[in-house]
Amino acid sequence: MEHIYLAMVDTPGLFAYLIRRFLKQKYIHVVISMDERLDEAYSFGRRNPRIPIFAGFEREDKERILQAFPTADYKICELECSSWQKEKIRQRLREDYRMRLHYHYAVLGLVFIVRGIPFYRKNYYTCSSYIARLLHEAQIDISPKHFSLVTPKDFCLYPYKKTLFEGRLAEFVTG
C-alpha cells in the first residue's frame, strides 16, 4: 500500500473568515501532498499567501505560508492508495502544475456550493473541487456529491483517513 496526504487548513484573514462563515466549517482550505511532510504539496489557492485576490493552482510552500499565517491550524491526514493510484495522482499534479497559469480559482463556485447547485467551468476550481475530481479520476471517492460541491468538511468527514497531525502549522514545521 502507498499513501497520499491531505492537509485541511484554517488560516486567519478576512477572505478566510467569509468562506468560514458561508460554509459553516473550521477548515476552509485543502492541500494534497505526495509526502507526509508536505514537501511536494499542491492546491488551488492564493498565488501569494498575503493576497487572496490572485488565486489558482499552486505548489504549496509551508515555510512561506507560516511566515504569512503564523497562527494557521492544520489537520494532516493520510489516505491509503495503490501504487497505480499514487502514480496517476502524481503525474496529473505535475502536469497541471506545468499548465498552472491556465487554471483559476472558481470564486463564483462558492455561491453555487452554498446553494447546493453543481457548477463547473473549464479550468476553474475551488481547492476542494480540484482535489475531489483528481481523487475521483484515481478511483478514490471522497463524497457522493458532484466534485464541484465538495468542501473541506467532506474531506474531514471521509471515514477512510488517518489523522497524523492536528494543530498549529508552526508546531508541524518545527516538530
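Residues numbered from 1 in each chain as written. Predicted model: local features only at pLDDT ≥ 70, side-chain atom pairs only at ≥ 80, totals over all residues. Heavy atoms only, no water.

Visitor: Hey, could you run me through unusual backbone geometry in this one?
Guide: Look at Asn-123: it is not a glycine, yet its phi comes out positive at around 70 degrees. You can see Asn-123 is positioned in the loop between α4 (107-115) and β7 (124-125). In the Ramachandran plot, Gln-139 falls in the positive-phi region, its phi being about 65 degrees despite a non-glycine side chain. Within the fold, Gln-139 resides in the loop between α5 (127-137) and α6 (152-157). (Helix = DSSP H or I, 4+ residues; strand = E, 2+ residues; numbered from the N terminus.)

Visitor: Could you clarify how one ought to interpret helix α3 (residues 83-98) in this entry?
Guide: Residue pairs three or four apart in sequence face the same way in an α-helix, which turns once every 3.6 residues. Here α3 contains 16 residues, and its C-alpha end-to-end distance of 23 Å stays within 8% of the 22 Å for a straight helix at 1.5 Å per residue. Taken residue by residue, α3 has Gln-85, Lys-86, Ile-89, Arg-90, Leu-93 and Asp-96 as its buried positions. Down the axis, α3 shows its buried residues gathered within 140 degrees of arc, on one side only. (Expected span 1.5 Å × (residues − 1). Buried < 20%, exposed > 50% of the residue type's maximum accessible area, 1.4 Å probe, protein only. Arc of directions from axis to C-beta.)

Visitor: What should I look at first to understand the packing of aromatic side chains in this one?
Guide: Scanning all chains against the criterion turns up 16 aromatic pairs. When the centroid spacing of 6.3 Å and the interplanar angle of 45 degrees are considered together, the rings of Tyr-125 and Phe-147 count as tilted. Of this pair, Tyr-125 sits in strand β7 while Phe-147 sits in the loop between α5 and α6, and the two are 22 residues apart along the sequence. Here Tyr-125 and Phe-147 have matching classes, each one buried. Chaining the aromatic ring pairs together yields one cluster made of Tyr-42, Phe-44, Phe-57, Tyr-97, Tyr-103, Tyr-120, Tyr-125, Tyr-130 and Phe-147. The ring of Tyr-97 carries Arg-100 above its face, with NZ or CZ at 4.2 Å from the centroid. For Arg-133, the ring lying beneath its charged end belongs to Tyr-120, and the centroid distance is 4.9 Å. (Phe/Tyr/Trp six-rings, centres within 6.5 Å; stacked < 30°, edge-to-face > 60°. Lys NZ or Arg CZ within 6 Å of the ring centre and 35° of its normal.)

Visitor: Looking at this structure, how should I read the nonpolar core?
Guide: The nonpolar side chains of a soluble globular protein tend to be buried with one another. By size, the foremost hydrophobic cluster in this structure holds 39 residues, and its most contacted members are Ile-4, Ile-32, Ile-89, Leu-93, Leu-135 and Phe-155. Residue contributions to this core peak at six residues, all from α5. Those residues in contact with Ile-89 that sit more than four places away from it in its chain are Ile-4, Ile-32, Met-34, Leu-134, Leu-135, Ala-138 and Ile-140. If you look at the next biggest cluster of nonpolar residues, it comprises 16 residues, including Val-9, Ala-68, Phe-165 and Leu-169. (Core = buried A, V, L, I, M, F, W, Y, C linked by side-chain atoms within 4.5 Å. Contact = heavy atoms within 4.5 Å.)

Visitor: Explanation requested: the environment of Phe-172 in the structure shown.
Guide: Note on placement: Phe-172 falls in helix α7 (residues 169-174). With residues near it in sequence (within four places) discarded, Phe-172 still touches Glu-36, Arg-37, Leu-38, Lys-62, Ile-76 and Phe-165.

Visitor: Help me understand the state of the cysteines in this model?
Guide: As used in these notes, a disulfide is a covalent bond between sulfur atoms, one from each of two cysteines. Taken as a whole, this structure holds zero disulfides when the rule is applied. The thiol sulfur of Cys-81 is not disulfide-bonded, and the nearest other cysteine sulfur, from Cys-77, lies at 14 Å. Note on Cys-81: relative accessible area 1%, which makes it buried. Here Cys-127 stays unpaired: no disulfide links it, and the sulfur of Cys-156, its closest cysteine neighbor, is 11 Å away. (Disulfide = S-S within 2.5 Å.)

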